[in-house]
Amino acid sequence: MTGAMTMRQMTVPFPRRPKYGETEIAAVTYLLRSGSLSEIGRGPACAALEDAFAAAAGTTHALSFNSGTASLHAALHAAGATPDAGVAMSPMTWISAITVAFHAGSFPLFADLTEDSPNLDPAQIDPANCSAVLVTHAWGVPAALREFTGLPVPIVEDCSHAHGALYQGRPVGSWGAAGCFSLQESKAVSGGEGGIMTTSDSALYQRAMTVGHHPYRLAAELTHPDPLPLAGASYKFRIPALSAVIAREQLRSLPSRMSDSATNLTLLTQLIDAMGLPLAPMAVPDGSVRGWYGTPFTMLQPVLDPDALNAACTAARLPVRALYPDWLTTPLLQQPAVIERYWPHMRGRWTPPDVRDFPRYQRFRQQTLILKIPDLPVPDYMHQLAAVLATTLRSL
Ligand SMILES: *Cc1c(COP(=O)(O)O)cnc(C)c1O
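Residues numbered from 1 in each chain as written. Predicted model: local features only at pLDDT ≥ 70, side-chain atom pairs only at ≥ 80, totals over all residues. Heavy atoms only, no water.

- For the chain, an unreviewed UniProt entry supplies the name dTDP-4-amino-4,6-dideoxygalactose transaminase and the organism Nonomuraea solani.
- The UniProt entry for the chain carries this comment under Cofactor (unreviewed entry): "pyridoxal 5'-phosphate".
- The heading Sequence similarities (unreviewed entry) in the UniProt record of the chain holds the text "Belongs to the DegT/DnrJ/EryC1 family." (UniProt positions renumbered as here; feature names shortened; annotations may be inferred.)

## Structural notes on the site of the ligand
Move 1: Near the ligand lie 17 residues; those nearest to it are Gly68, Thr69, Asp158, Ser182 and Lys187.
Move 2: Thr69 places a side-chain nitrogen or oxygen 2.5 Å from an oxygen atom of the ligand.
Move 3: Taking 380 Å² as the accessible area of the ligand by itself, protein coverage stands at 92%.
Move 4: Elements with a minimum of two residues in the shell around the ligand: α3 (68-79) and α4 (96-103).
Move 5: Residue classes in the shell around the ligand are distributed as 4 nonpolar, 11 polar and 2 charged. (Near = heavy atom within 4 Å. Polar contact = N/O pair within 3.5 Å; in protein donor to acceptor, adjacent residues only side chain to side chain. Areas by Shrake-Rupley, 256 points an atom, 1.4 Å probe, with all protein chains shown as cover. Helix = DSSP H or I, 4+ residues; strand = E, 2+ residues; numbered from the N terminus. Nonpolar A, V, L, I, M, F, W, Y, C, P; charged D, E, K, R; others polar.)

## Points about the domain arrangement of the chain
Move 1: Per the domain assignment, the segments making up the chain are domain 1 (22-251) and domain 2 (254-394).
Move 2: For domain 1 versus domain 2, the distance between C-alpha centres works out to 23 Å.
Move 3: Taken together, the contacts link 45 residues of domain 1 with 43 residues of domain 2.
Move 4: Summed over both sides, the interface of domain 1 with domain 2 buries roughly 3,600 Å², with 66% coming from carbon and sulfur.
Move 5: Of all residues in domain 1, Phe102, Asp112 and Trp139 give up the largest surface area on contact with domain 2, accounting jointly for 21% of the area buried on that side.
Move 6: At the surface where domain 1 touches domain 2, the tally comes to 4 salt bridges.
Move 7: Its salt-bridge partner being Arg363, residue Glu115 comes within 2.8 Å of it at the nearest N-O pair.
Move 8: Applying the counting rule to domain 1 against domain 2 returns 19 residue pairs in polar contact (both at pLDDT 80 or more).
Move 9: In terms of residues, the side of domain 1 that touches domain 2 owes the most to one element, α4, which gives 4 residues. (Domains from an automatic or database assignment. Contact = heavy atoms within 4.5 Å. Buried area = accessible area lost by both parts, 1.4 Å probe. Salt bridge = Lys/Arg side-chain N within 4 Å of Asp/Glu carboxyl O.)

## Remarks on unusual backbone geometry
Move 1: In the Ramachandran plot, Gln168 falls in the positive-phi region, its phi being about 45° despite a non-glycine side chain.
Move 2: One non-glycine residue, Arg317, lies in positive phi territory at about 60°.
Move 3: Within the element layout of this structure, Arg317 appears in the loop between α9 (306-315) and α10 (331-334).

## Focus on the sheet that holds strand β10 (residues 279-281)
Move 1: With antiparallel pairing, 3 strands are arranged side by side in an open sheet as β10-β11-β12. Edge positions in the sheet fall to β10 and β12 (368-371), since each has one partner strand and no second. In this sheet, adjacent strand axes meet at a mean angle of 35° when their direction is disregarded.
Move 2: Of the pairings in the sheet, the one linking strand β11 (residues 295-299) to β12 comprises 4 bridges and is antiparallel in character. By the bridge assignment, Thr295 is partnered in β12 with Leu371. (Pairing = 2+ DSSP bridges. Axes fitted to C-alpha atoms, helices over the stretch in contact; angles between N-to-C directions.)

## A word on α3
Move 1: When the terminal C-alpha atoms of α3 are compared, their 16 Å separation across 12 residues agrees well with the 16 Å that a helix rising 1.5 Å per residue should span.
Move 2: Taken across its 12 residues, α3 has 10 buried, putting it largely inside the fold.
Move 3: Every buried residue of α3 is accounted for by Gly68, Ala70, Ser71, Leu72, His73, Ala74, Ala75, Leu76, Ala78 and Ala79.
Move 4: In this structure Ser67 caps α3, since a side-chain oxygen of it lies 3.4 Å from the backbone nitrogen of Thr69. (Expected span 1.5 Å × (residues − 1). Buried < 20%, exposed > 50% of the residue type's maximum accessible area, 1.4 Å probe, protein only.)

## Details of the pattern of salt bridges
Move 1: Under the definition given, this model contains 12 salt bridges.
Move 2: Taking the shortest distance from any N to any O, the salt bridge between Arg42 and Asp51 comes out at 2.6 Å.
Move 3: On the basis of relative accessible area, Arg42 is assigned to the partly exposed category, the value being 34%.
Move 4: The partner of Arg252 in a salt bridge is Glu249, and the shortest N-O contact between them spans 3.0 Å. Taken together, the positions of Arg252 and Glu249, both in helix α8 (residues 241-275) and 3 residues apart, correspond to about one turn of that helix.
Move 5: What makes Glu249 buried here is its relative accessible area of 12%.

Right, here's the structure in full:
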């Protein structure tokens with residue numbers, strides 16, 4: 001038998017709960033037997049999901065969509081994003097959460113991260129230049145919402161990595177003018193595909209509804225004078241009832257999955273400390289509860305070659321989640337002609353981002369290892385993980 005300290009490779013496969021359990025299967029079966037998979041108004045599947053999300057986030061409203069991207073599109077539109085002033089955001093997110101600013105009739109205005117988090121730094125934002133701020137709770141680490149809500153511009157939270165997370169004891173998705181959660185399959189609450197927006201602003205809720213909900217639902221719910229003329233609009237971003245009932249069940253099991261993930265991370269952190277490994281889980285702000293998507297660890301020694309680190313971790317079968325590509329250098333955002341052709345409101349307006357303006361973002365990319373933490377009790381796996389991490393990091 002190989003001793004723990006010399007263990008070079010994970011032998012245990014990544015432990016997983018069944019992604020969809022008996023309650024999801026029962027909910028889908030029930031729905032199929034009902035013979036009704038399409039809800040054009042706020043039908044029972046859609047209403048149950050929206051009510052559960054609003055209750056979990058502590059907001060007055062929740063509005064379902066067929067993707068997280070669609071929920072961001074609607075939220076940015078409803079929050080008042082304009083072509084004249086951009087949407088401030090960090091580049092540390094998924095690409096569709098960047099390009100959605102164009103789709104919502106505005107554009108991304110990148111700003112750097114804070115010194116010690118994967119999140120946007122409020123001090124880097126000039127409210128005079130932006131019509132909205134998109135704050136992502138990247139890798140489940142809640143952003144400094146208290147500082148953002150002091151800005152004189154609407155905040156939209158992207159909670160796609162942070163279902164169930166709290167900031168200063170209060171749910172993410174309830175701090176900004178709106179919160180958006182992807183329900184795509186890799187996220188902590190999945191409908192297969194789907195998205196949901198939370199808000200306690202009834203005018204914003206109604207404006208967001210005009211982006212993608214059925215004219216019957218608009219007719220039933222619109223009362224505010226601003227969105228009312230759009231009651232006949234018919235974009236189509238509705239969630240399928242099948243996805244809604246699955247996501248509703250996933251939300252029920254979220255607390256137990258979060259608590260098992262937290263227990264596993266605590267054990268891993270203790271083992272890492274005891275072994276003196278040059279690695280620390282990125283801290284969450286005081287009074288916060290983290291969300292789960294991949295968990296960022298800061299490498300405490302300079303990483304000279306992040307690709308070599310990733311290759312070594314992959315060879316050791318460590319459960320690493322790759323960082324997103326660096327979107328600042330992605331061809332699309334570097335070609336004004338393409339941006340201007342695809343989004344005509346951008347004619348003569350797009351300046352490609354320059355990576356040198358984002359030193360903290362670049363350092364985060366260099367010095368961070370994202371590990372997937374299992375969401376069921378697996379102390380043996382966590383012990384093996386610590387041992388293989390030790391061998392891998394020492395071999396670099
Ligand atoms: C997944 C994700 C999205 C997009 O969600 P979809 O449901 O895939 O459209 C947006 N932002 C972040 C941070 C995400 O991780």
